[in-house]
Amino acid sequence: MKLEDADLILQKVGTIAIMYYPELPADSPDYRLKEDVDWCLTDLDTGEDITELRELIGRTIVDPTTHREALTEHIYGLVPESAEADG
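Residues numbered from 1 in each chain as written. Predicted model: local features only at pLDDT ≥ 70, side-chain atom pairs only at ≥ 80, totals over all residues. Heavy atoms only, no water.

What follows deals with the overall build of the protein. Per the secondary structure count, the protein includes five helices and zero strands. When the elements of the protein are put in sequence order from the N terminus, they spell out α-α-α-α-α. Sorting the 87 residues of the protein into buried and exposed places 36% on the buried side. Look at the contacts in the protein between residues 6 or more apart in sequence, and 59% of them connect residues 24 or more apart. When the accessible surface of the protein is split by element, carbon and sulfur atoms take 50% of a total near 5,600 Å². (Helix = DSSP H or I, 4+ residues; strand = E, 2+ residues; numbered from the N terminus. Buried < 20%, exposed > 50% of the residue type's maximum accessible area, 1.4 Å probe, protein only. Contact = heavy atoms within 4.5 Å. Areas by Shrake-Rupley, 256 points an atom, 1.4 Å probe, with all protein chains shown as cover.)

A few words on the environment of D63. Position of D63 relative to the elements: it lies in the loop between α3 (51–62) and α4 (64–77). The exposure class assigned to D63 is partly exposed, which follows from its relative accessible area of 31%.

Inspection of the secondary structure puts A6 in helix α1 (residues 3–19). Residues A6 and H74, 68 residues apart in the sequence, show an inter-C-alpha distance of 9.7 Å. Setting aside chain neighbours within four positions, we find A6 in contact with M1, I75, Y76 and V79.

This model, assessed by the stated rule, comprises two salt bridges. K34 serves as the salt-bridge partner of D38, at 2.8 Å between the closest nitrogen and oxygen. Pair noted here: D38 and K34 are both in helix α2 (residues 33–40), with a separation of four residues, about one helical turn. Residue D38 is classed as partly exposed on the basis of its relative accessible area of 28%. Judged by its relative accessible area of 55%, K34 is exposed. A salt bridge links D38 to R54, with the nearest nitrogen and oxygen atoms 2.6 Å apart. Pair noted here: D38 is in helix α2 and R54 is in helix α3, with a separation of 16 residues, a long-range link. Looking at R54, the relative accessible area reads 26%, which means it is partly exposed. (Salt bridge = Lys/Arg side-chain N within 4 Å of Asp/Glu carboxyl O.)

Turning next to the side chain of D36. Along the chain, D36 turns up in helix α2. Notably, D36 is buried but unbridged: the nearest opposite-charge side chain belongs to R32, and the N-O separation is 10 Å. Filtering out sequence-adjacent residues up to four positions away, D36 remains in contact with I16, Y31 and I61. (Lys, Arg positive; Asp, Glu negative; His and termini not counted.)

This is the structure:
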């Protein structure tokens, strides 16, 4: 993953997390958490299995205080060290 992609994903997750409100549970038929996660990963160029990333994004949208640190570490862990130095 490129550093720019990692930054963009975190920005998108932050945007969705701000708009999410607890009165609308993530499993409510009126809310589609999967669609928000899909949007956060739009145009992501990776050949990797991103199942864990998708789950972590969903948890962070619903409860950012608890999960944002783990998401940040996970995402930047997918960026090669050379990409961080170039970025």
